[in-house]
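Given next are the chains, with one letter for each unit.
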Amino acid sequence: MIGQIFILSSKGDRLIYKDFRGGAGSDDVGSFYEKVTALTGDQPPVVMTHKDLNFIHVRQGGLYWVATTTHDSSPFTVVEFLNRLTALVKDYCGSLSEKLVQMNFALIYELLDEVLDYGYVQTTSSDVLKNFIQTEAVSSRPFSLFDLSNVGLFGADTQQSKVAPSSAAARPIQSSREQGGKSEIFVDVIERMSVVIGSNGVVMKADVEGEIKVKCYMSSCSEMRIGLNEEFSIGKSQLRGYGAAVRVDECSFHEAVRLDEFDSQRVLRLCPSPGEQTVMQYQLSNDLPSAPPFRLFPTVERDSGGRLLMYMKLRCDLPPKTAAINVCATVPVPKGSVR
Amino acid sequence: MTDSKYFTTTKKGEIFELKAELNSDKKEKKKEAVKKVIASMTVGKDVSALFPDVVNCMQTDNLELKKLVYLYLMNYAKSQPDMAIMAVNTFVKDCEDPNPLIRALAVRTMGCIRVDKITEYLCEPLRKCLKDEDPYVRKTAAVCVAKLHDINAQLVEDQGFLDTLKDLISDSNPMVVANAVAALSEIAESHPNSNLLDLNPQTINKLLTALNECTEWGQIFILDCLANYTPRDDRESQSICERVTPRLSHANSAVVLSAVKVLMKFMEMLPKDLDYYGTLLKKLAPPLVTLLSAEPELQYVALRNINLIVQRRPEILKHEMKVFFVKYNDPIYVKLEKLDIMIRLASQANIAQVLAELKEYATEVDVDFVRKAVRAIGRCAIKVEQSAERCVSTLLDLIQTKVNYVVQEAIVVIKDIFRKYPNKYESVIATLCENLDSLDEPEARAAMIWIVGEYAERIDNADELLESFLEGFHDESTQVQLQLLTAIVKLFLKKPTETQELVQQVLSLATQDSDNPDLRDRGYIYWRLLSTDPVAAKEVVLAEKPLISEETDLIEPTLLEELICHIGTLASVYHKPPSAFVEGSRGVQHKRITGSVGSGESESPDTGSAAGASEAPPAVIPSQGDLLGDLLNLDLTPPATTGPPPPTSGMQMGAMDLLGGGLDSLLGGDLGGSSAMGAGFGAPTPAAMPASFNAPVSGGLDDLFDLGGGVGIPTGVNSAPKTVWLPAMKAKGLEITGTFARRAGIIQMEMTLNNKAMSIMTDFAIQFNRNSFGLAPAGPLQILTPLGPNQSIEVALPLSTVGPVMKMEPLNNLQVAVKNNIDVFYFSCQYPINMLFVEDGKMERQVFLATWKDIPNDNESQFQIKDCHLNSDAASNKLQGSNIFTIAKRTVEGQDMLYQSMKLSNGIWVLAELRVQAGNPNYTVSLKCRAPEVSQCVFQTYEAALKN
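Reading the values: the criteria
Chains are numbered independently. Their residues run from 1 in the order of the written sequence. All chains are assigned letters beginning at A, and all ligands numbers beginning at 1, according to the order in which they are written. In view of the model being predicted, local features appear only for residues whose pLDDT reaches at least 70, and side-chain atom pairs are presented and counted only at 80 or more, with totals across whole chains, interfaces and linings using the full set of residues. Processing note: side-chain calculations cover all non-hydrogen atoms of the structure and skip hydrogens and water entirely. Two strands qualify as a pair provided that DSSP identifies no fewer than 2 bridges between them. In DSSP terms, a helix is any run of H or I states spanning at least four residues, a strand is any run of E spanning at least two, and both are numbered starting from the N terminus. Note on method: axes are straight lines fitted to C-alpha atoms, helices fitted across the in-contact stretch only, with angles between N-to-C directions ranging 0 to 180 degrees. Whether a residue is buried, partly exposed or exposed follows from its accessible area with a 1.4 Å probe, protein chains only, as a fraction of its type maximum: under 20%, in between, or over 50%, in that order. We call two directions roughly parallel when the angle between them is under 35 degrees, roughly antiparallel when it is over 145, roughly perpendicular when it lies between 65 and 115, and oblique otherwise. Should the near helix be turned anticlockwise from the far one by less than a right angle, the crossing is termed left-handed; should it be turned clockwise, right-handed. What makes two residues a contact is simply this: any of their non-hydrogen atoms within 4.5 Å. Classification convention: Asp, Glu, Lys, Arg as charged; Ala, Val, Leu, Ile, Met, Phe, Trp, Tyr, Cys, Pro as nonpolar; all other residues, Gly among them, as polar. For patch building, the residue pool is restricted to those with more than 30% relative accessible area and no salt bridge; the joining distance is 9 Å between like charges and 5 Å between nonpolar side chains (Val, Leu, Ile, Met, Phe, Trp, Tyr). Per-residue accessibility takes into account occlusion by the displayed protein chains alone, with areas from the Shrake-Rupley method and a 1.4 Å probe. The working definition used for a salt bridge is a side-chain nitrogen of Lys or Arg within 4 Å of a carboxyl oxygen of Asp or Glu. In this description, buried area is defined as the sum, over both parts, of the accessible area (probe of 1.4 Å) that is lost when the two are combined. pLDDT is a per-residue confidence score from the predictor, ranging from 0 to 100. To estimate the expected span of a helix, subtract one from its residue number and multiply by 1.5 Å.

K.L.:
I would appreciate a short explanation of the sheet that holds strand 13 (residues 250-253) of chain A in the present structure.
P.N.:
Strands pair in a sheet through their backbones, by hydrogen bonds, and they do so in one of two ways: parallel or antiparallel. Residues and elements named next belong to chain A. Pairing is antiparallel across the open sheet formed by 4 strands, whose spatial order is 8-9-15-13. Where the open sheet ends on each side, the last strands, each with one partner, are strand 8 (185-197) and strand 13. For this sheet the average axis-to-axis angle between neighbouring strands, irrespective of direction, equals 15 degrees. The sheet contact formed by strand 8 and strand 9 (residues 203-216) spans 13 bridges and is antiparallel. If you follow valine 189 over to strand 9, its bridge partner there is isoleucine 212.

Structure follows, in structure tokens:
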């Protein structure tokens, strides 16, 4: 049972505050912010307690999404709910940011009213919610600096003109109504690849987390079929085709996906509800079927002054038509090091 | 135009402006105004003054505006109860609206307005809504009952809402069922004894059916409710498990965990040999593993729960070690939890894998994590005995890296390994000593010092090493100071000759130059101990320490039992019982849950224990380090038993008490103590112990003994049954029972030696401390064959009375040292003084009379012997058996007066007058003796002899 929900900006300003069960203390928000900012690195931030109150929070879009409870309720429920709430707000407002939350506070209050009653989660399905929500979302101007930072999750802006512009998916799901019901659906395949490369340039660990996301702007959608490569295989046991060309270790599907044809033809069938949903998630670790798309050539030299010089050359082996986004290389160094 | 501008209004007269806007005719303007009001409300501004104006906007057919107004009402109705009444009519009207959205909205909002007056008006609409045709309205109304109950429980009961709510459990719409279950569960919490949620097989069946159709959130309510049910038999429990199991593959982790909770609980009911039990165990692992690929927040919560599950049922995840391996981009708090679980899962089968992984972690860059990884290697060594050697060599490899914090951490854990496997890996000490200089953290320094002190006899330059630490004694942290003090005392006790100076130096540093009370106390205790009785000191300081075990970091079983019932709740994340962080009123409910668990567990004998434990404060599990520290403290070592003679031990106790109380008052006394210590040091060295074992009492105690000693020759007296003098647990398995007897004029100490240890005992020898009558063994202890385990032997040791004399307290106390191949043990016993009454103790009559007169009356003492039913002749005969001789008998007025004499082995005569009156069971004894100290003992002999 959730007592209060509040959304704070990274500076601790209240953006949304709702007390569901009455009897909330006067400065719970303040004491939460004090606690969360006082945490040291190795203290787990997820669940915190202050007097009789327990705070559970997640951080998304640079905001604190906090739920409080005085009961011994399930942190899984609360964390899971908060994650859904952020997804809903993202669906309804287009994306997540302090500004957007501020602009759409009336809408978010309305959402909160429907998803929680007396602290009990009622529903988080956008299919159900579309019947209740009245307020129209207010979105920021289509091309702002903000959008650039969020480039390309849906319809990444690449050279291929077939692909929709970057802002296409960063808009509220409801606004489709007033735009004359332009029915659109976006399917994205997002792969997050983490590679640990030793100082000699050899790949030590590699894993890929991938997901297929669908963002649907149709208020009611008939069945949709997504076909995967027929050689797609799961685990090492069931290899298909000639090689292990398309292989994942594990995969899981959204509960709405019907898998009747998956085993025989690798087809996913679903009726997407409005908003964003992760249709499929998969992981692959260690032996990748092919070389990683990047190669790193590090050289480490020790100079006479006791300094260590590191040169790193990153080479991208992707075909010229494709681009990777959000590439970052982290070089772990001891705390005391200075540049 | 965006709404964000509402947050920036800070102009004066804002309220006034808003008021005007709220009363505007234009709908759009009104809506904008209400939005502004709510924006102000959110940031914490007080806009309650606008209450009437906002309420005026309530009557509208615009749903969006209505919702905004209701939002405002919920927030401010409580502070303006009178005004809130104004809104009631609209609410009641809205509850009849043809639009189900508006009906539900009204009933939902009314429940949130926590004003008593409103609740009265709420009842009728609520009753209608509970029977509404639209499920959306019904499910809202169900929750509203719980809201109303919180405000006015009596009203809810009187109006019969609870029955309606119970009916809703059978509703056709699963969402309504879920909300009804949630509401009933909450109401039942505040009525622990009511039978609100009457869980019987029928309702359970309904719930299980609804479970399949509900939304994910509704499934959670139902599963949590199921967890409170206690199945009647294992068949029912299995069928529930079967129907819950499909939930394990749900995408919502909260559903999964609630299902795990139900299964973990009902599994207790299933017979372990059932096939299904094994199947179920296998099914629990994959969902738990899946949780580890969720967001870090969920991962953390999941790991905390897995930690509990692994402690309770390690078999579930024993093959899943790999998923707990740390990923480089995990947040640190996830990494640490994973490490913990890795250690709990470590077993002989997977230890190689784990160690390789841990070694990898120990070379990472994050210092905190590296430290924890090194600690983890140590914990593996302690947990998996077969791996200890490998762990030690891994640690040595890490020490070779010379990375400062790795070396230090490694030394700390090696100390723990020594505590677990003493005398096994001491070969590494040399390597450790090489790194002595690089240690700069207190914990590592303390650990190193402990190792040096503990193994001082094997480290040639232990004194030099410790001395090097002593130089900067006052700059060290308390932990190191205390450890250094103990280590040097240990060293002294092991190598007394070379280290006297060192020990004196550290004692004076600790007691005189330090202002830390802990350090001073410990210093004084050592000082006293060493000065009064180095033998006892050795026993205390070098006592065998209990082995540490991995259990030190496990959660205490009763708490674990309770936490398992709370899987998937906050309790399982904090690892504390809910009573520790949930407000008091909930304690009742929580007890009920544990109670039902107890009864659900048919084989557990004490169902009460779990419930009992739940009320105890949260158990603090000492971490290994703490425990170790405590064990090293003197407090926990078993008290030295009978070593020092009683007067000394009395003084010693006093000193300790004083140390505990007011320390400063003792500072003066200490100077005396130090001179005594000097004396003590000179003579007895612990190594030469048996020979000089009576020496410690010599210092300054001479004035205590007098009693001038004559020597006599003894005869024959009956003996008392044997009593235990030395219990086996105090003497490493040697138990001694014994008694004294006087046979044919020879005093004998008759003992039974019983070997309760596992090893053979040989080389027995015995020695007495000086005592009041100069008792000493007349020959060596006649035990020629080795004493095997569980064997016992009877020996009779003839005693002479020509040994050194010292007055004891009580007079007949005898302190004995027995040595065998294992150790030297001390005990004390008391001998009946009639052992010393010699056979020629019959005095001439005239001499008796003269002597009686001669002894001053001050020396006469009188005792009463009660409840003795012998006549005077029988008494006389009995006493004669103890060498108490009757010289004359007189009868005066029906009272027999017996005049008696006895002579002690040292020539002291005791004269007695025993008055026996016929019919009176109380005798009176008057004793006269030149040494009146013995009277008490003699009286005891009388009493024993006459009542025997």
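K.L.:
Before we go on, may I ask you to explain the sheet that holds strand 6 (residues 792-800) of chain B in this structure?
P.N.:
All names here are of chain B. Taken together, the 5 strands give an open sheet; going across it, the order is 1-2-3-6-5, and neighbouring strands pair in antiparallel fashion. This sheet does not close on itself; its edge strands, each paired only once, are strand 1 (723-726) and strand 5 (776-777). Bridge count for strand 3 (residues 746-755) against strand 6 is 8 bridges, and the pairing is antiparallel. Paired with leucine 753 across the two strands is isoleucine 793, which belongs to strand 6.

K.L.:
Is there a simple way to think about the environment of B:Ser427 in this case?
P.N.:
All names here are of chain B. Assignment of secondary structure puts serine 427 in the loop between helix 22 (404-420) and helix 23 (429-434). Given the relative accessible area of 62%, serine 427 is considered exposed. Residues serine 427 and arginine 458, spaced 31 residues apart in sequence, show a C-alpha to C-alpha distance of 9.7 Å.

K.L.:
Even after reading the chapter, I still don't get the packing of helix 38 (residues 872-880) of chain B against helix 39 (residues 935-947) of chain B, so can you show me in this structure?
P.N.:
When two helices pack together, you describe them by how their axes are tilted relative to each other and by the distance separating the axes. Residue and element names in this part refer to chain B. Taken N-terminus to C-terminus, the directions of helix 38 and helix 39 make an angle of 115 degrees; their axes are 9 Å apart at the nearest point. As far as their axial angle goes, helix 39 and helix 38 are roughly perpendicular. Seen from above, helix 38 lies across helix 39 with right-handed handedness. Of the residues in helix 39, those touching helix 38 at Ala875, Lys878 and Leu879 are Tyr942, Ala945 and Leu946. Its residues placed into classes, the contact of helix 38 with helix 39 shows 5 nonpolar, no polar and 1 charged.

K.L.:
Hey, could you run me through a nonpolar patch on the surface in this one?
P.N.:
Residues and elements named next belong to chain A. On the surface, Val300, Leu308, Met310, Met312, Val331 and Val333 cluster together into a nonpolar patch covering about 480 Å² of accessible area. For the nonpolar patch, the leading source of residues is strand 17 (residues 308-316), giving 3 residues. Within the fold, valine 300 resides in strand 16 (residues 294-302). Overall, the relative accessible area of 46% leaves valine 300 in the partly exposed class.

K.L.:
When you look at the interface of chain B and chain A in this model, what are you seeing that I'm missing?
P.N.:
The figure often quoted for interface size is the accessible area lost as the parts come together. Counting residues at the interface gives 74 residues for chain B and 68 residues for chain A. A combined buried area of about 6100 Å² lies between chain B and chain A, and 59% of that area is made up of carbon and sulfur atoms. Interface area lost by chain B to chain A is led by B:Thr42, B:Trp217 and B:Leu570, which between them contribute 11%. Put simply, chain B and chain A have 7 salt bridges between them. Between B:Lys67 and A:Glu110 there is a salt bridge, and its shortest N-O distance comes to 2.8 Å. If you tally residues by element for the side of chain B that touches chain A, the top one is helix 8 (residues 135-151) of chain B, at 7 residues.

K.L.:
It is not clear to me how the confidence of the model for chain A should be interpreted in this structure. Could you clarify?
P.N.:
Detailed reading of predicted coordinates is not advised where the pLDDT is low. All names here are of chain A. For chain A, per-residue confidence averages 79 on the pLDDT scale, and 84% of positions sit at 70 or higher. Ignoring residues within four places in sequence, the model shows residues 142-153, a span with pLDDT below 50, making 14 contacts including any to other chains. Here residues 155-163 is a poorly scored stretch, pLDDT under 50, and it has 12 contacts once near neighbours within four places are set aside; other chains count.

K.L.:
Explain the environment of B:Ile351 here, please?
P.N.:
All names here are of chain B. Secondary-structure assignment places isoleucine 351 in helix 19 (residues 351-361). For the pair formed by isoleucine 351 and cysteine 380, sequence separation is 29 residues and the distance between their alpha carbons is 8.0 Å. Not counting the four nearest positions on each side in its chain, isoleucine 351 is found in contact with Ala346, Cys380, Val384, Ser387 and Arg390.

K.L.:
Quick question: what am I supposed to make of helix 26 (residues 478-494) of chain B here?
P.N.:
Note that an α-helix has 3.6 residues per turn; residues three or four places apart therefore point the same way. Taking 1.5 Å of rise per residue, the 17 residues of helix 26 of chain B would be expected to cover 24 Å, and the 24 Å separating its terminal C-alpha atoms lies within 8% of that figure. Within helix 26 of chain B, 14 of the 17 residues are buried, leaving the element largely enclosed by the surrounding structure.

K.L.:
What am I meant to see in the pairing of strand 12 (residues 909-917) of chain B here?
P.N.:
Remember that side chains alternate between the two faces of the sheet whenever the strand is regular. Residue and element names in this part refer to chain B. Alignment of strand 11 (residues 895-903) against strand 12, held across 9 bridges, turns out to be antiparallel. From the neighbouring strand, methionine 902 faces strand 12, where its bridge partner is valine 910. Adjacent in sequence and paired antiparallel, strand 11 and strand 12 are bridged by 5 residues, among which glycine 907 carries a positive phi angle near 90 degrees.

K.L.:
Which parts of the structure should I look at to understand the side chain of B:Thr90?
P.N.:
All names here are of chain B. Tracing the backbone through its elements, the reader meets threonine 90 in helix 5 (residues 81-94). With a relative accessible area of 6%, threonine 90 lands in the buried category. Not counting residues within four places of it along the chain, the set of residues in contact with threonine 90 comprises Met58, Gln59 and Lys66.

K.L.:
Sorry if this is basic, but what is going on with the packing of helix 12 (residues 201-213) of chain B against helix 13 (residues 216-226) of chain B here?
P.N.:
Residue and element names in this part refer to chain B. Look at helix 12 against helix 13: their axes get within 10 Å of each other, and the N-to-C directions meet at 150 degrees. Judged by the angle between their axes, helix 12 and helix 13 are roughly antiparallel. The hand of the helix 12/helix 13 crossing is left-handed. Together, Ile204, Leu207, Leu208, Ala210 and Leu211 of helix 12 and Gln219, Ile222, Leu223, Cys225 and Leu226 of helix 13 make up the contact between the two elements.

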